[in-house]
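The chain contents come next:
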Amino acid sequence: YLQFFAVGLICAKYKSKFLSFIINRRNLTVFIVGWFICMLLWYNDNFKSFSPLAYSCVHDIMVRYFALFTVVALFGISAEYFSGESRTAKLLQFIGSRTLDIYMIHYLLLISLQMPLLISGDNIIIQMLVSGVLTIAIVAVCLFISGIIRKSPFLASWLFGVKKNEQDKVEIISSPSTVLDNQ
């Protein structure tokens, strides 16, 4: 994943140029179409056997960058909404400010789903529905555990890198419901 770290550093260095490039709607079209084409090639067995090197390039590099740039572009284009004062925007801001917490805690909460209904590729709607519900549940539990851990200034600092002035905010805003109730 060093490549993504390096790209992140380059994008941060040239932030204004990168943002103007990424939020261009024509470029978004290229990202979405490129991602779609790469996904078609990824699941094409003839392409995989015909050109293993090209398949590897599509599978390991191109699809990831097209997907990454698509997601970043969608968030960049919708930046006004996400910085707004609506309940959804506030909740997403709160979740976004706790991504390290979620990243560190979620692995402890993952479960193994060995259900034939979910393993086969024929049930995409059911798979998306179940994975969406599980994702929401795991994020909620992670935020709950994070709120408990952040009650201790030492653990908040040591585990999540919370600085002293941020710890004062933690006392005031300790859960998503507090954020939403302040509306």
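You'll find the structure just up there.
What comes next concerns the included structure. Just so it is clear, the model here is predicted, and its values are computed rather than measured.

Right, let's get into the packing of helix H1 (residues 2-13) against helix H5 (residues 52-77). It is at 12 Å that the axes of H1 and H5 come closest, and there the two elements cross at 40°. With respect to H5, the axis of H1 lies oblique. The two elements H1 and H5 cross, and the hand of that crossing is right-handed. For the pair formed by H1 and H5, the contact residues are Gln-3, Phe-4 and Val-7 on the first element and Asp-60, Arg-64, Tyr-65 and Leu-68 on the second. The class makeup of the residues in the contact of H1 with H5 is four nonpolar, one polar and two charged.

On the surface, a nonpolar cluster with roughly 390 Å² of combined accessible area is contributed by Val-33, Phe-36, Ile-37 and Leu-40. Along the chain, the position of Ile-37 falls in helix H3 (residues 25-42). The class for Ile-37 is partly exposed, based on a relative accessible area of 43%.

Pairs can form between side chains of opposite charge once their charged atoms are near each other. Taken as a whole, this structure holds two salt bridges when the rule is applied. With its nearest N and O atoms 3.2 Å apart, the salt bridge here joins Glu-85 to Lys-90. As a salt-bridge pair, Arg-150 and Asp-101 come within 2.7 Å of each other at their nearest N and O atoms. Of this pair, Arg-150 sits in the loop between helix H10 (124-149) and helix H11 (153-160) while Asp-101 sits in helix H8 (residues 99-109), and the two are 49 residues apart along the sequence. Under the relative-accessibility criterion, Arg-150 is labelled buried at 8%. A residue is classified by how much of its surface remains accessible, and Asp-101, at 1% relative accessible area, is buried.

Procedures and definitions
Residues numbered from 1 in each chain as written. Predicted model: local features only at pLDDT ≥ 70, side-chain atom pairs only at ≥ 80, totals over all residues. Heavy atoms only, no water. Axes fitted to C-alpha atoms, helices over the stretch in contact; angles between N-to-C directions. Helix = DSSP H or I, 4+ residues; strand = E, 2+ residues; numbered from the N terminus. Parallel < 35°, antiparallel > 145°, perpendicular 65-115°, else oblique. Left-handed = near helix turned anticlockwise from the far one by under 90°. Contact = heavy atoms within 4.5 Å. Nonpolar A, V, L, I, M, F, W, Y, C, P; charged D, E, K, R; others polar. Patch = residues over 30% accessible without salt bridge, like charges linked within 9 Å, V, L, I, M, F, W, Y side chains within 5 Å. Areas by Shrake-Rupley, 256 points an atom, 1.4 Å probe, with all protein chains shown as cover. Salt bridge = Lys/Arg side-chain N within 4 Å of Asp/Glu carboxyl O. Buried < 20%, exposed > 50% of the residue type's maximum accessible area, 1.4 Å probe, protein only.

Function cannot be read off these values alone, since they describe shape.
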